[in-house]
Amino acid sequence: MQLIITDTWLAKTRAFHLNGWSLAIFFLTAAFALMLASALMYHWIFLKGAREGWPIIGSLVRLVVKDEFAQRDKYLRENIEVLARRMGEMQAQLLQLESLGERVSTLAGVPVPDVKSKPGSGGLLVQSHDLSLEELGNIMDSVEGGAKTKVDWLTVVESRLLEQKIKKMMIPTQQPISLGNLGSPFGWRIDPITGQSALHTGLDFSAVIGTPIQAAAGGVVVVQEFHAQYGNMVEIDHGNDLVSRYAHASRVFVKKGDLIKRGQKIAEVGTSGRSTGAHLHFEVMVNGVPQDPLRFLNAGSRLAAVK
Ligand SMILES: [Zn+2]
């Protein structure tokens, strides 16, 4: 194909020789440009019409928006239904948890509190009308509140069970002296007699001579003797490789092999052995290794606080 353009401005006749391929590309480009132009035009007119509320376009837009709203509403409603169903399941599980908690509570000897779910609050599953978001929110709030009170209650049950376990395991958590000031702590210190740095393997309670010394936990007396360093001392084996030691006593009321109850008076404070004044030297050993007794005593007072 040959295209001849004659123009006075060009001053001469120009001839374009077009073969089949160039022709196809030319038409394709033209068609694309036309499509782009009409799309832009349509978009512009439609937007302008929608914005200014032109008769036909305006109602069309309203129809589309309404349909979209209806669909969104339906979607929301379906979601609320699913959520409501799941909330109902959660409520049922919470009720199961509650009765389980009651049984555990009875075993632990903790009275069941009066915070049980109101009867009928589990009736969500048989609700006939559609739930509103607000109603669902209220139900969620009540489930959340119920869960919170149950957590509080079960925490009390747990601490009670832990306390019972500690008593049973005979862990030395009870203060060996009820009236006494805490003296030297566990750890490295300047020895009051030699003046050199030495590991203090226990905890000192300064108290007047004759102050009762109580067993920090139940157990069996394994040592009761006069020791050059510890003076009159008692060692109680609590099982589980736990041993507590009470030193510098003035009087001792137990002997080797005696079965001791937690809190039982075993001796009286003195200053026997290697001591600079009336005090109780209290040690706790695990597998024969001295531990900081304060850790055990603190665990005991924390438990008492929870109680
Ligand atoms: Zn000491």
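Below is a short write-up of the structure. The structure presented is a predicted model; accordingly, all values stated were derived computationally and were not measured. (Residues numbered from 1 in each chain as written. Predicted model: local features only at pLDDT ≥ 70, side-chain atom pairs only at ≥ 80, totals over all residues. Heavy atoms only, no water.)

1. Brief notes about the side chain of His248
Logical step 1: Locating His248 in the fold gives a position in strand β10 (residues 242-252).
Logical step 2: Of the residues examined, His248 reaches a relative accessible area of 4% and is grouped as buried.
Logical step 3: Dropping the residues within four chain positions of it, His248 is found in contact with Gln229, Tyr230, Asn232, Val269, Gly270, Thr271, Ser272, Arg274, Ser275, His279 and His281. (Helix = DSSP H or I, 4+ residues; strand = E, 2+ residues; numbered from the N terminus. Buried < 20%, exposed > 50% of the residue type's maximum accessible area, 1.4 Å probe, protein only. Contact = heavy atoms within 4.5 Å.)

2. With respect to the coordination of the zinc ion
Logical step 1: In this structure, His200 (NE2), Asp204 (OD) and His281 (ND1) serve as the protein donors to the zinc ion, at separations of 2.0 to 2.1 Å.
Logical step 2: Look at where the donors of the zinc ion fall in the sequence and you get H-x3-D-x76-H. Of this pair, Asp204 sits in strand β6 (residues 203-206) while His281 sits in strand β13 (residues 279-286), placing them 77 residues apart in sequence. Judged on exposure class, the residue Asp204 and its partner His281 are both buried. (Donors = N, O, S within 2.8 Å, 3.2 Å for Na, K, Ca; no water.)

3. Regarding the environment of Asn298
Logical step 1: Among the structural elements, Asn298 can be located in helix α4 (residues 293-306).
Logical step 2: Residue Asn298 is classed as partly exposed on the basis of its relative accessible area of 35%.
Logical step 3: Along the primary structure Asn298 and Thr173 are separated by 125 residues, whereas in three dimensions their C-alpha atoms are 7.3 Å apart.

4. So, the pattern of salt bridges
Oppositely charged side chains are able to pair whenever their charged atoms sit close together.
Logical step 1: Scanning the model with the defined rule gives 13 salt bridges in all.
Logical step 2: Its salt-bridge partner being Glu144, residue Lys148 comes within 3.7 Å of it at the nearest N-O pair. Here the residue Lys148 and the residue Glu144 both occupy positions in helix α3 (residues 133-169), the gap between them amounting to 4 residues, near one helical turn.
Logical step 3: A salt bridge links Glu268 to Lys265; its shortest N-O distance comes to 3.0 Å.
Logical step 4: Judged by relative accessible area, Glu268 falls into the buried class, the value being 10%.
Logical step 5: One continuous salt-bridge network, built from bridges that share partners, spans Glu235, Arg245 and Glu283. (Salt bridge = Lys/Arg side-chain N within 4 Å of Asp/Glu carboxyl O.)

5. Details of the packing of aromatic side chains
Logical step 1: This model, assessed by the stated rule, comprises 3 aromatic pairs.
Logical step 2: Note on Phe26 and Phe27: the rings are 5.6 Å apart at their centroids and 70 degrees apart in plane angle, and the pair reads as edge-to-face.
Logical step 3: On the accessibility criterion, Phe26 (53% relative accessible area) is exposed.
Logical step 4: Residue class for Phe27 comes out exposed when judged on its relative accessible area of 52%.
Logical step 5: Where Tyr42 meets Phe46, the ring centres are 5.8 Å apart and the plane angle is 25 degrees; that geometry is what we call stacked. (Phe/Tyr/Trp six-rings, centres within 6.5 Å; stacked < 30°, edge-to-face > 60°.)

6. Section: the packing of helix α1 (residues 20-52) against helix α2 (residues 55-108)
Logical step 1: Relative to each other, α1 and α2 sit at 80 degrees, their axes nearing to 8 Å. Classified by the interaxial angle, the pair formed by α1 and α2 is roughly perpendicular. Contacts from Ile45, Phe46, Gly49 and Ala50 of α1 reach α2 at Ile57, Leu60 and Val61.
Logical step 2: Looking at the contact of α1 with α2 residue by residue, the class counts come to 6 nonpolar, 1 polar and no charged. (Axes fitted to C-alpha atoms, helices over the stretch in contact; angles between N-to-C directions. Parallel < 35°, antiparallel > 145°, perpendicular 65-115°, else oblique. Nonpolar A, V, L, I, M, F, W, Y, C, P; charged D, E, K, R; others polar.)

7. Points about a nonpolar patch on the surface
Logical step 1: Together, Phe32, Met35, Leu36 and Leu40 give the surface a local cluster of nonpolar side chains, amounting to about 460 Å² of exposed area.
Logical step 2: With respect to the element layout, Met35 can be found in helix α1. (Patch = residues over 30% accessible without salt bridge, like charges linked within 9 Å, V, L, I, M, F, W, Y side chains within 5 Å. Areas by Shrake-Rupley, 256 points an atom, 1.4 Å probe, with all protein chains shown as cover.)

8. Describing α1
Count 3.6 residues to each turn of an α-helix, and residues three or four apart come out pointing the same way.
Logical step 1: Helix length check: α1 (33 residues) gives 48 Å between terminal C-alpha atoms against 48 Å at 1.5 Å per residue, within 8%.
Logical step 2: Gly53 lies just past α1 and shows a positive phi near 65 degrees. (Expected span 1.5 Å × (residues − 1).)

9. Considerations on α3
Logical step 1: Between the first and last C-alpha of α3 there are 52 Å, a value that for 37 residues agrees with the 54 Å anticipated at 1.5 Å per step.
Logical step 2: By the burial criterion, the buried members of α3 are Leu136, Ile139, Val143, Gly146, Lys150, Trp153, Val157, Ser159, Glu163 and Ile166.
Logical step 3: Two residues or fewer past α3, Met170 is found with a positive phi of approximately 55 degrees.

10. Brief notes about unusual backbone geometry
Logical step 1: Within the chain, Asn240 stands out as a residue other than glycine whose phi angle is a positive 50 degrees.
Logical step 2: Within the fold, Asn240 resides in the loop between β9 (231-239) and β10.
Logical step 3: A positive phi angle, close to 60 degrees, is found at Asp241, a residue other than glycine.
Logical step 4: With respect to the helices and strands, the residue Asp241 is situated in the loop between β9 and β10.
Logical step 5: A residue is classified by how much of its surface remains accessible, and Asp241, at 49% relative accessible area, is partly exposed.

11. Comments concerning the nonpolar core
Logical step 1: The biggest cluster of nonpolar side chains holds 26 residues, and the ones touching the most others in it are Ile213, Ile236, Tyr246, Ile266, Leu280 and Phe282.
Logical step 2: Looking at this core, the elements with two or more residues in it are β6, β9, β10, β12 (265-269), β13 and α4.
Logical step 3: Among the nonpolar cores identified, the runner-up in size contains 8 residues, and Ala84, Leu131, Leu136 and Ile139 belong to it. (Core = buried A, V, L, I, M, F, W, Y, C linked by side-chain atoms within 4.5 Å.)

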